[in-house]
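Understanding the architecture of this molecule
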Amino acid sequence: GLTAGTEYTVSVVTVSGGEDSDAREQQQWTKAAQPGTITISEVTVDSMKVVWDAAPEGTINSYNVSISPTLNVTTPSVSITGTRQHIFTGLTAGTLYTVSVVTVSGGEDSDAREQQQWTKAAQPGAITISEVTVDSMKV
């Protein structure tokens, strides 16, 4: 089989009466391999760190990393080269996010690898206690 994320040259000739035509050639990249496992850590009420393993084979030009929903996210989509991590900021507390990582190789993107993660819940507001009795209180 072919290797993911690799440029190949396809050459085709016509054979007729024992004679070969001039070759017609075209270059084509195979689809990039999916990145490896995604790990999400350092989760707060408004940020999370995303780290992923490299695609297992082929040429890797970059990774496209995105998060959704995108409301208020500082940078919801980014192209990354030279590292395999990114910190998303501007997130909303107590929200389920989907992080997507795609390998880019010669213009042929891989299928996305996705991971979901909740941000931490926001701390409640001030507590007011009143109407205290021997066996009850109003909060």
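Everything below is about the structure printed above this text.
Summary of the structure given here. Bear in mind the structure is a predicted one, so any value in this text is a computation, not a measurement.

Concerning the overall build of the protein
When helices and strands are tallied, the protein shows zero helices and eleven strands. Its helices and strands taken in sequence order, the protein reads β-β-β-β-β-β-β-β-β-β-β from the N to the C terminus. Here the C-alpha atoms of the protein give a radius of gyration of 26 Å, more than 25% beyond the 14 Å that 2.2 N^0.38 yields for 139 residues. Dimensions of the protein, computed from C-alpha atoms along their principal axes, come out at roughly 105 × 25 × 25 Å. Burial analysis of the protein (139 residues in total) assigns 27% to the buried set.

A look at the sheet that holds strand 7 (residues 62–68)
Across a sheet, strands are paired by hydrogen bonds formed along the backbone, either parallel or antiparallel in direction. Judged by pairing direction, the sheet is antiparallel, and its four strands sit side by side in the order 8-7-10-11 without closing on themselves. This sheet does not close on itself; its edge strands, each paired only once, are strand 8 (77–80) and strand 11 (113–118). Here the average twist between neighbouring strands, direction ignored, is 20°. In this sheet, strand 11 lies alongside strand 10 (residues 96–104) in antiparallel orientation, the contact comprising six bridges. When the bridges of strand 11 are listed, valine 101 appears paired with arginine 113.

Brief notes about the sheet that holds strand 6 (residues 47–52)
Read across the sheet, three strands follow the order 5-6-9 without closing on themselves; strand pairing throughout is antiparallel. Every interior strand has two partners, whereas the edge strands, strand 5 (38–41) and strand 9 (85–89), have only one. Adjacent strand axes in the sheet meet at a mean angle of 20° when their direction is disregarded. Pairing analysis gives five bridges linking strand 6 to strand 9, with the strands arranged antiparallel.

Brief notes about the nonpolar core
With 19 residues, the main nonpolar core has Met48, Trp52, Val65, Ile67, Phe88 and Val99 as its most contacted residues. Mapped onto this core, the elements with two or more residues apiece are strand 5, strand 6, strand 7 and strand 10. Beyond its immediate chain neighbours, meaning those up to four positions away, phenylalanine 88 contacts Asp46, Ser47, Met48, Val50, Val65, Ser66, Ile67, Val73, Thr75, Pro76 and Val99.

Side note on the pairing of strand 7
Both strand 7 and strand 10 contribute to a ladder of seven bridges, which runs antiparallel. Pairing of serine 66 across the sheet is with serine 100, part of strand 10. For strand 7 and strand 8, the ladder comprises four bridges, and the chain directions are antiparallel. For valine 65, the partnering residue across the bridge sits in strand 8 and is valine 78.

Side note on the side chain of lysine 49
By secondary structure assignment, the location of lysine 49 is in strand 6. Lysine 49 gets classed as buried once you look at its relative accessible area, which sits at 19%. Apart from the residues within four sequence positions on either side, lysine 49 is in contact with Thr39, Ile40, Ser41, Glu42, Gln85, His86 and Ile87.

Here we look at the environment of aspartate 53
You can see aspartate 53 is positioned in the loop between strand 6 and strand 7. Classification of aspartate 53 as partly exposed rests on a relative accessible area of 40%. Separated by 31 residues in the primary sequence, aspartate 53 and arginine 84 have C-alpha atoms spaced 7.1 Å apart. Ignoring sequence-local partners within four residues, the contact set of aspartate 53 consists of Pro35, Gly36, Thr37 and Arg84.

Quick notes on the rules
- Residues numbered from 1 in each chain as written.
- Predicted model: local features only at pLDDT ≥ 70, side-chain atom pairs only at ≥ 80, totals over all residues.
- Heavy atoms only, no water.
- Helix = DSSP H or I, 4+ residues; strand = E, 2+ residues; numbered from the N terminus.
- Rg over C-alpha atoms; globule rule 2.2 N^0.38 Å.
- Buried < 20%, exposed > 50% of the residue type's maximum accessible area, 1.4 Å probe, protein only.
- Pairing = 2+ DSSP bridges.
- Axes fitted to C-alpha atoms, helices over the stretch in contact; angles between N-to-C directions.
- Core = buried A, V, L, I, M, F, W, Y, C linked by side-chain atoms within 4.5 Å.
- Contact = heavy atoms within 4.5 Å.

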